[in-house]
Amino acid sequence: MAHALTGCALVAILASACGLQTDGSGGDGQDGGGSPNETEFLVHTGPGGGSDIFVRDVIAMMREENIIDSNWPVRNEDAGEGAGAMAYLLEQQGSADHISAMTTTWLTTPLTIEGASVTVEDLTPVAGLIIEPEVMAVAPDSPYNSLRDFVEAAQEQPGELVQTGGSTTEVGALNGAAIQAEAGAEWQFLSFEEVGQRVTALLNGDADMMFGSAQDFAAQVEAGKLEIIATISPDPSPVYPDAPTTEDEGFDTQLVPQVRGVMAPPEIPEDALAYYQDLFSQLVETDSWKQYAEKNGLVTQLLVGEEWESYLAEQNQLVEQTLESADLG
Amino acid sequence: MTETLQGLSDGFAAAFSATNLFWVFFGVAAGTIIGVLPGLGTPATIAILLPLSMNLDPATALIMMAGVYYGSKYGGSTTSILLNIPGEDASVVTALDGYQMARQGRAGPALGIAAIASFIAGTLGLIGLTFLAPAVATLAVAFGPPEYTALMVIGLGMVVLLAGRSKIKAIISGIGGFLLSTIGIDLFAGESRFTMGRIELANGVEFVALCIGLFAIGEVMVNVEEKSGQTFVQAPRRLKELFPSKQDFRASSAAIGQGSVVGFFIGALPGAGSTVASFVSYTLAKRFSRHPEEYGKGAVAGVAAPEAANNSATAGAFVPLLTLGIPGSASTAIMLGALFVYGLQPGPRFFTENPDVVWPIIASMFIGNVVLIILNLPLVPLFASILRIPYHILYPGIIVISLVGVYSINAALFDVWLVVLFGLLGYVMRKTDFPAAPMVLAFVLGPLFERSLRRSLVISQGDPTIFFTRPWAVTFLVVAVLIFLVPALLGMRRAAKSVATQGEPGTDRHPELEDDDATDSDVVLGDKRQR
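Residues numbered from 1 in each chain as written. Chains lettered and ligands numbered in written order. Predicted model: local features only at pLDDT ≥ 70, side-chain atom pairs only at ≥ 80, totals over all residues. Heavy atoms only, no water.

**Digging into the overall build of chain A**
Summing up its helical and strand segments, chain A has 11 helices and 11 strands in all. Counting over 329 residues, chain A shows a buried share of 58%. Roughly 12,900 Å² of accessible area belongs to chain A as shown, and the carbon and sulfur atoms make up 45% of that amount. (Helix = DSSP H or I, 4+ residues; strand = E, 2+ residues; numbered from the N terminus. Buried < 20%, exposed > 50% of the residue type's maximum accessible area, 1.4 Å probe, protein only. Areas by Shrake-Rupley, 256 points an atom, 1.4 Å probe, with all protein chains shown as cover.)

**A few points about the pairing of strand β1 (residues 40–43) of chain A**
Looking along a regular strand, one sees side chains alternate from face to face of the sheet. Residue and element names in this part refer to chain A. Residues E40 and L42 line one face of β1 and the alternating positions F41 and V43 line the opposite face, and both faces are buried. In this structure, β1 lies alongside strand β3 (residues 98–103), joined through three bridges in parallel fashion. Among the inter-strand pairings, E40 is bridged to a residue of β3, identified as H98. Sheet topology note: the β1/strand β2 (residues 74–76) ladder contains three bridges and is parallel. Residue pairing across strands places F41 opposite V74, the latter belonging to β2. (Pairing = 2+ DSSP bridges.)

**Here we look at the pairing of strand β5 (residues 134–138) of chain A**
Residues and elements named next belong to chain A. The buried fraction of β5 is high, at five of five residues. Here β5 shows a buried face lined by E134, M136 and V138 and a second buried face lined by V135 and A137. Examined bridge by bridge, β5 and strand β9 (residues 227–232) share five bridges and lie antiparallel to one another. Each residue of the ladder has a partner; that of M136, found in β9, is A230.

**Let's talk about the interface of chain A and chain B**
Taken together, the contact pairs 58 residues of chain A with 63 residues of chain B. The tally of links from chain A across to chain B stands at four salt bridges. The partner of R349 of chain B in a salt bridge is E222 of chain A, and the shortest N-O contact between them spans 3.7 Å. Applying the counting rule to chain A against chain B returns 13 residue pairs in polar contact (both at pLDDT 80 or more). Sorting the residues of the side of chain A that touches chain B by element identifies α1 (2–22), α2 (50–64), α3 (83–91), β7 (188–191), α7 (195–203), α8 (214–222) and α10 (287–296) of chain A as the ones contributing at least two each. Take the side of chain A that touches chain B: its biggest share by element is eight residues, from α1 of chain A. Residues of the side of chain A that touches chain B, tallied by class, amount to 22 nonpolar, 23 polar and 13 charged. (Contact = heavy atoms within 4.5 Å. Salt bridge = Lys/Arg side-chain N within 4 Å of Asp/Glu carboxyl O. Polar contact = N/O pair within 3.5 Å; in protein donor to acceptor, adjacent residues only side chain to side chain. Nonpolar A, V, L, I, M, F, W, Y, C, P; charged D, E, K, R; others polar.)

**As for unusual backbone geometry**
One non-glycine residue with positive phi stands out, namely N84 of chain B, at about 65°. A relative accessible area of 7% places N84 of chain B in the buried class.

**Considerations on the side chain of T42 of chain B**
Residue and element names in this part refer to chain B. Note on placement: T42 falls in helix α3 (residues 42–53). A polar contact of 3.1 Å, which involves the side chain of T42, links it to the side chain of S72. Excluding residues within four positions of it along the chain, T42 makes contact with I34, V68, Y69, S72, E88 and S331.

**Some details on the confidence of the model for chain B**
If pLDDT is low for a region, its predicted coordinates should not be looked at in detail. All names here are of chain B. Across chain B, pLDDT averages 85, with 90% of residues at or above 70. Low pLDDT, under 50, characterises residues 503–531; the stretch is placed with 31 contacts to residues that sit more than four places away or in other chains. The ipTM, which scores confidence in the relative placement of chains, is 0.81 for this predicted complex, and the corresponding pTM is 0.83. (pLDDT = per-residue confidence, 0-100.)

**As for helix α1 (residues 2–15) of chain B**
All names here are of chain B. Counted at 1.5 Å a residue, the expected span for α1 with its 14 residues is 20 Å, and the 19 Å between its end C-alpha atoms agrees. Those residues of α1 not exposed but buried are T4, G7, L8, G11 and A15. Each buried residue of α1 sits inside an arc of 95° when the element is viewed along its axis, so together they form one side. Those residues of α1 that are exposed and angled more than 90 degrees off the buried face are T2 and A13. Summarising the contacts, the buried residues of α1 are in contact with α2 (18–36), α6 (107–142) and α15 (355–376). (Expected span 1.5 Å × (residues − 1). Arc of directions from axis to C-beta.)

**So, the side chain of T168 of chain A**
Inspection of the secondary structure puts T168 of chain A in the loop between β6 (162–165) and α6 (171–183). We classify T168 of chain A as buried; its relative accessible area is 15%. Side-chain polar atoms of T168 of chain A contact the backbone oxygen of F188 of chain B, separated by 2.9 Å.

**Some thoughts on the sheet that holds β6 of chain A**
All names here are of chain A. Read across the open sheet, the five strands follow the order β7-β6-β8-β5-β9; overall the sheet is mixed. Two strands lie at the open edges of the sheet, namely β7 and β9, each paired on one side alone. For this sheet the average axis-to-axis angle between neighbouring strands, irrespective of direction, equals 30°. In this structure, β6 lies alongside β7, joined through four bridges in parallel fashion. (Axes fitted to C-alpha atoms, helices over the stretch in contact; angles between N-to-C directions.)

**Thoughts on the packing of α3 of chain A against helix α4 (residues 105–112) of chain A**
Helix packing geometry: the angle between the two helix axes and the distance between the axes. All names here are of chain A. Two elements in contact, α3 and α4, have axes whose closest approach is 9 Å; the angle formed by their N-to-C orientations is 95°. Taken as axis vectors, α3 and α4 run roughly perpendicular relative to one another. Of the residues in α4, those touching α3 at A83, A85, M86 and L89 are W106, T109 and P110. Its residues assigned to classes, the contact of α3 with α4 shows six nonpolar, one polar and no charged. (Parallel < 35°, antiparallel > 145°, perpendicular 65-115°, else oblique.)

**Notes on the nonpolar core**
Ranked by internal contacts, the top residues of the largest apolar core, which has 116 residues, are W72 and F280 of chain A. Among the elements that take part in this core, α15 of chain B stands out by supplying 11 residues, more than any other. Within the second largest apolar cluster, 98 residues are counted, among which are L83, I85, M158 and Y295 of chain B. (Core = buried A, V, L, I, M, F, W, Y, C linked by side-chain atoms within 4.5 Å.)

**Considering a nonpolar patch on the surface**
Residue and element names in this part refer to chain B. Among the surface-exposed residues, M1, L5, I120, L124, I127, F131 and L132 lie close enough to one another that they form a single nonpolar patch of about 620 Å² accessible area. With five residues, the single largest contributor to the nonpolar patch is α6. Inspection of the secondary structure puts F131 in helix α6. F131 sits in the partly exposed class, given a relative accessible area of 34%. (Patch = residues over 30% accessible without salt bridge, like charges linked within 9 Å, V, L, I, M, F, W, Y side chains within 5 Å.)

**Considerations on the packing of aromatic side chains**
All names here are of chain A. Throughout the structure, instances matching the rule amount to 22 aromatic pairs over all chains. Considering the side-chain rings of W72 and Y276, the 6.1 Å spacing of their centres and the 85° angle between planes classify their relative orientation as edge-to-face. Of this pair, W72 sits in the loop between α2 and β2 while Y276 is found in helix α9 (residues 270–283), placing the two residues 204 residues apart along the sequence. Comparing W72 with Y276, the two get one shared label, buried. (Phe/Tyr/Trp six-rings, centres within 6.5 Å; stacked < 30°, edge-to-face > 60°.)

**Focus on the sheet that holds β3 of chain A**
All names here are of chain A. On the basis of which strands lie adjacent, the open sheet formed by six strands has the order β2-β1-β3-β10-β4-β11 and mixed pairing. Two strands close off the open sheet at either side, each with one partner strand: β2 and β11 (300–304). Strand-to-strand twist of the sheet, defined as the mean angle between neighbouring strand axes without regard to direction, takes the value 20°. Two elements, strand β4 (residues 124–132) and β11, share three bridges in a ladder whose sense is antiparallel. Across the sheet, residue A127 finds its bridge partner in β11, namely V304.

**Describing the pattern of salt bridges**
The tally for this structure, following the rule as stated, stands at 17 salt bridges over all chains. Residue E193 of chain A pairs with R451 of chain B through a salt bridge whose shortest N-O separation is 2.4 Å. Pair noted here: E193 of chain A is in the loop between β7 and α7 and R451 of chain B is in helix α19 (residues 437–459), and the two residues belong to different chains. The exposure class assigned to E193 of chain A is partly exposed, which follows from its relative accessible area of 31%. A salt bridge links D186 of chain B to R454 of chain B; its shortest N-O distance comes to 3.0 Å. Of the two residues, D186 of chain B sits in strand β1 (residues 184–186) while R454 of chain B sits in helix α19, which places them 268 residues apart along the sequence. What makes D186 of chain B buried here is its relative accessible area of 7%.

**A look at the environment of F288 of chain B**
With respect to the element layout, F288 of chain B can be found in the loop between α11 (274–287) and α12 (301–324). Expressed as a C-alpha distance, the spacing of F288 of chain B and L50 of chain B, which sit 238 residues apart in the sequence, is 43 Å.

**Some points on empty space enclosed by the protein**
All names here are of chain B. If you walk through the whole model with that rule in mind, you get four cavities of 30 Å³ or more. The volume enclosed by the largest cavity comes to roughly 70 Å³. Y74, S77, T78, L111, A114, A115, N376, V380 and F383 are the residues that line the largest cavity. Listed by contribution, the elements that provide at least two residues to the lining of the largest cavity are α4 (58–83), α6 and α16 (379–384). Class assignment of the residues belonging to the lining of the largest cavity gives a composition of six nonpolar, three polar and no charged. If you go around the second largest cavity, the residues you meet are Y70, G122, L126, N311, T314, A315, F318, M365 and N369. Elements with a minimum of two residues in the lining of the second largest cavity: α6, α12 and α15. Residue composition of the lining of the second largest cavity, grouped by class: five nonpolar, four polar and no charged. (1 Å grid on protein atoms, 1.4 Å probe; cavity = no way out; pocket = protein on both sides within 12 Å on 5 of 7 lines; lining within 4 Å. Points joined across faces, edges and corners; volume = space filled by probe spheres on them.)

In structure tokens:
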């Protein structure tokens, strides 16, 4: 009897987990014909992380727009800032059923994390979806009205001003290091795990500025609690076209953009690769995507095939250089 | 004010629609189940439900997801109390006294008080969310690294409070937990610490693996050895024993009130959350109790305080999400992601621009709390009767549930080995009288303390006076001194006095606990009195 109880409990766990996972998919099979059977979408963050939410939103939009006919399960391989996910993807060599979201973290991790041996060059690039320059945000009452203002202040009082962001190897930190190197300025970097904590530090004055994606600041900018004063790129930000670029401000260091794309295992079957490339090409044309991108300040830039591969190689080199010059590699 | 009441009543009108009632019920029921089961966490469950929610209205979807979120806090206490397996991060502290109550045959009252504390605190937290959200949001934003550091000083000071017979052993255990928490990638330098090049350790040691190993597995091993042939927990026999008594209510009312307030405010801070809230609330309850010696040995207030705090914290967590668009936890981050798909952007103007979304969510949480108490109280006798299972079936069951639960978090066999390792550690610690609770506490709060401290010093360029120039930081440090140093000094005087007059017990309700007052000084003895 008691045995049965424990057994029941376990069956209930599994049943509820499976039940929840397949809810809504209804088990309507794929159309076969060489395309993948059961796609698993991998992300390198835990549930609730940036990539996790992005991927779950992408799947929801693809369902909504009838691009796919079942809800792909999401797999969180969150060990080591992408290292775990990249290793997992490598293990799926030749599989048609696994793809993964990637960000610029996938370029920095193999260079900075101990034990991270897989690089993007070991994997198959599927498509680039979002490539956007970072923007610089300050509080509205900040004494700095431009990047130049801030850098000059930092030159005058070395090591006193504070930039906030994530880990010291994330894109914002790399760009900050690159600008410090060019200008011979020096400021502090304040690390927080969550974007919310970084924004809070800007709001309460613990930090003086932050480099981030437009999405990080969208809600606060709309409410007038933060201001965007620069685009951290030689090219203007499509979301804030009026924010002066680094070129406008007289800097010519090469800077790293925020990238979101999709990767697949090595030696993925060609028709599966084509299938996924087609899905994502369709996605970015839909109204759901366009509305989502606009609301969140995302800059759609679709790159597939060769284009995406050579772009990644280029970025990889840039990240490596920046890490070296900032002495973080 | 009238606007708020108007919003709330419109919200109730919407929340009482048949669809919304169904989904609030679905959400809290699902939350209770995943809370009861160790492993599959709240954020993971909400994430899995995201596709389902896309077929619903934004308000309805959020009603369902929020239900899972606060429902899981109700369920989390169940296995903590019955089996010493924390079902959820925020229920670890509940195990300290809850499990001891179960061992004394008081599983029913423990489960009952947990449910009632959850209900009262959840509701009070919602009242806070309804009327104080903008003010509390301002406070939460003002809370920077120096304030966190000072708050963590209070939290870590609790290591001493969790001591059993020996304060030194508690401190050693706490230091061990702190050291374990340093494993993983250091956010500030981007470098790996003590990972031995293993990617599995890059994110640090899995918290649930540590807790389940130390508590559940260690407990089973000790019991198998010491009491083979009997059940180690007394099953309640009479119906009267199944529900909390009047005396239990009286003993826990202050803890519930305190837990509600503390939980709400800590829950509203981005980056802190319900686990920290439960620890802090337990500390305060023990410190201000007239019978602190009963804590850790089955004090009913020791169950009420953390359970109140972790439920009130969920209401608090909605403050920064709804008023600022800043999620304070993984679960609220997923809810924010869901709102994005609907084209909604929570932020400082969310309340005024989308009242039709915000108010039904808040109103539904009031309803959900009522559903939860109705759902949970009748389950108390059922759950309590699990303890009637003979030990030779229950033990293997506990081990299987523990291992499956841990495996399910990251689908990593590595974590299962960690549980085994920590199980052995738990066993050795039990045999040598090292308390496990300080280790777990320091493991949770240690990284918050370390990071806040380092952040504070980045902001001040290495100047430690930052902790004495910010009003809230000073306030917390003063509170820490009042809580820990002053009573310790007074305690020393009292101990000296009682040694002089030898024995004049206060009450004799728990005669077996009486000799605990003298424990401060008998570090050397470290005896086996209790067994």
